Amino acid sequence: MDHPARISIVGGGIGGLTAALALQYFGYRVSVFEQARELREIGAGVAISPNAMHALNFLGVGERVAAQGGPAGPYVTRHFQTGEVLRIRVGNDYVERFGAAYHQVHRVDLQTALASTVRRNDPDCVFLDHCFEAFTQDSERVVARFTNGKTFASDVLIGCDGGASKVRAHVFGDDLVNYTGQVAFRALLPMTNVPPSIQEHPFAMFIGPNRFLLHYPLRHRTIMNVIAVGREPAWQEEGWRIPATVEEFTNLYSDLYPAALQLIRAIPPGTLFKWGLRDREPLQQYCKGRVVMLGDAAHPMTPFLGQGACMAIEDAMVLGRAFGTAGTFQEAFSLYESARKERANGVQLASRRQADEIQGVTARGANPGADPVDRGLYSYNPVTVPLAVSPRVPALPRGYSRSCQIAKSKLGDR
Ligand SMILES: Cc1cc2nc3c(=O)[nH]c(=O)nc-3n(C[C@H](O)[C@H](O)[C@H](O)COP(=O)(O)OP(=O)(O)OC[C@H]3O[C@@H](n4cnc5c(N)ncnc54)[C@H](O)[C@@H]3O)c2cc1C
């Protein structure tokens, strides 16, 4: 079998759209199937660290994302009760150290940058209102079926449908899902509502026993993004769009540093959301037959290292490169899986452990835990990380376009 002529992607989130872009870059035709009626991200920020920025830069959306976010500024870790500054990471040397910057962006801005570039390459490649239901596969093709009654046949299918992935359940069975005993809150508020003493250190994390609260500015300091995660034994629903009240939030964080508590109280009504964090075991295999998993669908992770989206972007870049290098889709899958499994599953497990570090602070002692910068997370570059040597001479793929050749020569320069 030659290279696949047609690739379907289930899920038009950060992972699915970056995968679409990376595959288009290497000369492939993709079709993205998204369950929502419009591409709409949740109102929240997302931090894109240098490891993922390499891919966005390579794929031509980095500059736009950086311009929309503005500079990240120093990162301050503070004691949850006293507000004492426990650590400052200046963070102005990332380009020097890692070759790319660190940016905090509105998720809508990131999704818009990705989606408009994907659509510019191929205006008809995104299919909205297509909720994946099931697939069948044989030696010739994989056929996806959607709840709207439509079907779509392709050579391979990439499952990018998030943490509660139906593709994953269909391929690997419904594995055990655990409520982690952690509930998260998120909100965006205008910077004008934010107390001045919080604005002094706009990018900060308050760490305390069983809880943390992180805030950072978006869109050139016009909006403050707030995310807090705390232990809450009572079961909470999964999903990022469950409305919450300021009272629920303050009840769990009543002993927080007064200015941080004021920040919570300044959240406008109707803009606060909560959800219970779920945990799934790492996959031992990312692909089966003609189907491969990517992003949260492959390695759903808790948010304690802020790396879920970054891992999805890394996956997408490496998968694109694997297709640009391999002679068959099986080879591409195998290059991708061997390059990604250890890295992404490792971050998934490290993220679990990080919870104990940053939520293990007592009222008297404070240990901010290992900084993700010092864990070597940011040194990875998905654009240049070696792919295992292909076992056979790659055949020239069908539809091997000029853009693929250009991409290859560009890679060769790095
Ligand atoms: C509040 C918050 C803050 C975060 N902060 C960070 C951060 O700072 N840095 C970071 O790296 N990560 C962060 N993360 C994690 C990150 O957002 C996720 O890891 C990332 O979105 C994963 O991307 P994905 O494309 O794999 O999945 P998703 O973003 O979940 O996208 C999945 C897509 O698939 C679609 N879909 C689902 N089911 C179906 C179906 N059956 N058929 C068709 N389509 C379907 C969904 O509608 C969605 O569009 C954060 C998460 C949250 C909630």
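Whatever comes next refers back to the structure up there.
Residues numbered from 1 in each chain as written. Predicted model: local features only at pLDDT ≥ 70, side-chain atom pairs only at ≥ 80, totals over all residues. Heavy atoms only, no water.

S.K.: I keep staring at the overall build of the chain and nothing clicks. Help me out?
M.R.: Helix and strand counts for the chain stand at 12 helices and 19 strands. Partitioning the intrachain contacts of the chain with sequence separation of at least 6 by distance along the chain shows that 77% fall at a separation of at least 24. (Helix = DSSP H or I, 4+ residues; strand = E, 2+ residues; numbered from the N terminus. Contact = heavy atoms within 4.5 Å.)

S.K.: Looking at this structure, I do not really get the site of the ligand. What am I missing?
M.R.: Near the ligand lie 30 residues; those nearest to it are Gly-15, Glu-34, Ala-47, Arg-107 and Phe-132. Between Phe-132 and the ligand, the recorded distance is 2.8 Å, taken from a backbone N or O atom to a nitrogen atom. Measuring from an oxygen atom of the ligand, one finds a backbone N or O atom of Gly-308 at 3.3 Å. Coverage of the ligand by the protein chains reaches 88% of its 1,000 Å² of free accessible surface. The element contributing the most residues to the shell around the ligand is helix 10 (residues 308–325), with 3 residues. For the shell around the ligand, the class distribution of residues is 14 nonpolar, 11 polar and 5 charged. (Near = heavy atom within 4 Å. Polar contact = N/O pair within 3.5 Å; in protein donor to acceptor, adjacent residues only side chain to side chain. Areas by Shrake-Rupley, 256 points an atom, 1.4 Å probe, with all protein chains shown as cover. Nonpolar A, V, L, I, M, F, W, Y, C, P; charged D, E, K, R; others polar.)

S.K.: Help me out: how do you make sense of the pattern of salt bridges in this one?
M.R.: Side-chain pairing between opposite charges can occur once the charged atoms of the two side chains come close. Enumeration according to the criterion identifies 12 salt bridges in this entry. Salt-bridge contacts for Arg-340 lead to Glu-314; the nearest nitrogen and oxygen are separated by 2.8 Å. One end of the pair, Arg-340, is in helix 11 (residues 329–358); the other, Glu-314, is in helix 10, with 26 residues separating them in the sequence. Like Glu-314, Arg-340 is buried. The salt bridge partner of Arg-340 is Asp-315, with a shortest N-O separation of 2.6 Å. On the criterion of sequence distance, the pair formed by Arg-340 in helix 11 and Asp-315 in helix 10 is long-range, its members being 25 residues apart. In this pair, the class of Arg-340 matches that of Asp-315, namely buried. Among the charged side chains, a network of salt bridges with common partners joins Glu-314, Asp-315, Arg-340 and Arg-343. (Salt bridge = Lys/Arg side-chain N within 4 Å of Asp/Glu carboxyl O. Buried < 20%, exposed > 50% of the residue type's maximum accessible area, 1.4 Å probe, protein only.)

S.K.: How should the packing of aromatic side chains be read in this particular structure?
M.R.: For any pair of aromatic rings, the description consists of the separation of the ring centres together with the inter-plane angle of the planes. Across all of its chains, the model carries 23 aromatic pairs by this definition. Here Tyr-25 and Phe-58 contribute two aromatic rings whose centre-to-centre distance is 4.9 Å and whose plane-to-plane angle is 50°, an arrangement assigned as tilted. Taken as a pair, Tyr-25 in helix 1 (residues 14–25) and Phe-58 in helix 2 (residues 50–58) lie far apart in primary sequence, 33 residues in all. You can call Tyr-25 buried: its relative accessible area is 18%. Residue class for Phe-58 comes out buried when judged on its relative accessible area of 1%. Ring geometry for Tyr-75 and Phe-203: centres 4.5 Å apart, planes at 25°, overall stacked. With a gap of 128 residues between them, Tyr-75 in strand 4 (residues 75–79) and Phe-203 in the loop between helix 7 (196–199) and strand 13 (204–208) connect regions that are remote in the sequence. According to the relative accessible area criterion, Tyr-75 is buried, its value standing at 10%. Residue Phe-203 is classed as buried on the basis of its relative accessible area of 4%. Taken together through their ring pairs, the aromatic side chains of Tyr-75, Tyr-94, Phe-98, Tyr-102, Phe-203, Tyr-216 and Tyr-378 make up a single cluster. The aromatic ring of Tyr-102 is capped on one face by Arg-89, whose charged end is 5.9 Å from the ring centroid. Sitting over the ring of Tyr-253, Arg-211 keeps its end group 5.9 Å from the ring centre. (Phe/Tyr/Trp six-rings, centres within 6.5 Å; stacked < 30°, edge-to-face > 60°. Lys NZ or Arg CZ within 6 Å of the ring centre and 35° of its normal.)

S.K.: What is the right way to read the environment of Gly-162 from this model?
M.R.: Here Gly-162 shows up in the loop between strand 11 (156–159) and helix 6 (166–172). Residues Gly-162 and Gly-13, 149 residues apart in the sequence, show an inter-C-alpha distance of 7.9 Å. The contacts of Gly-162, once residues within four sequence positions are left out, are Asp-296 and Ala-297.

S.K.: Help me out: how do you make sense of the side chain of Ser-49 in this one?
M.R.: For Ser-49, the location among the structural elements is in the loop between strand 3 (45–48) and helix 2. Its relative accessible area of 1% is what places Ser-49 among the buried residues. Engagement of the side chain of Ser-49 in a polar contact is seen with the side chain of Asn-51, the distance being 2.6 Å. Excluding anything up to four places from it in sequence, Ser-49 contacts Ala-101, Tyr-102, Gln-307, Cys-310 and Tyr-378.

S.K.: Whenever I open this one, the pairing of strand 13 confuses me. Can you help?
M.R.: Looking down a regular strand, the side chains alternate between one sheet face and the other. Across the 5 residues of strand 13, 5 count as buried, placing the element largely inside the fold. Here strand 4 runs beside strand 13; their pairing, made up of 4 bridges, is parallel. Bridge pairing links Thr-77 to Met-205 in strand 13. Pairing of strand 13 with strand 14 (residues 211–218) involves 5 bridges; the strand directions are antiparallel. Within the sheet, the bridge partner assigned to Met-205 lies in strand 14 and is Leu-214. Counted between consecutive antiparallel strands, the loop separating strand 13 from strand 14 contains 2 residues, among which Asn-210 sits at a positive phi close to 65°. (Pairing = 2+ DSSP bridges.)

S.K.: What should I look at first to understand the sheet that holds strand 15 (residues 223–231) in this one?
M.R.: In any sheet, the strands associate via hydrogen bonds between backbone groups, in a parallel or an antiparallel arrangement. Taken together, the 8 strands give an open sheet; going across it, the order is 5-4-13-14-15-12-17-16, and neighbouring strands pair in mixed fashion. Each end of this open sheet is capped by a strand with a single partner; those strands are strand 5 (85–89) and strand 16 (242–243). Here strand 16 pairs with strand 17 (residues 272–279) via 2 bridges, running antiparallel. Residue pairing in the sheet places Pro-243 in a bridge with Phe-273 of strand 17. The strands that helix 9 (residues 258–265) touches are strand 12 (178–190), strand 13, strand 14 and strand 15; relative to strand 14, the one it contacts most, it runs at about 65°. (Axes fitted to C-alpha atoms, helices over the stretch in contact; angles between N-to-C directions.)

S.K.: Looking at this model, I keep getting lost on the nonpolar core. Mind explaining?
M.R.: In a soluble, globular protein the nonpolar side chains are often hidden away together inside. Ile-7, Ile-9, Ile-48, Leu-56, Leu-110, Ile-158 and Phe-323 are the most contacted members of the largest nonpolar core, which totals 109 residues. No other element matches the 11 residues that helix 11 contributes to this core. Formed by 28 residues, the second largest nonpolar core is a distinct cluster that contains Val-183, Met-224, Val-226 and Leu-263. (Core = buried A, V, L, I, M, F, W, Y, C linked by side-chain atoms within 4.5 Å.)

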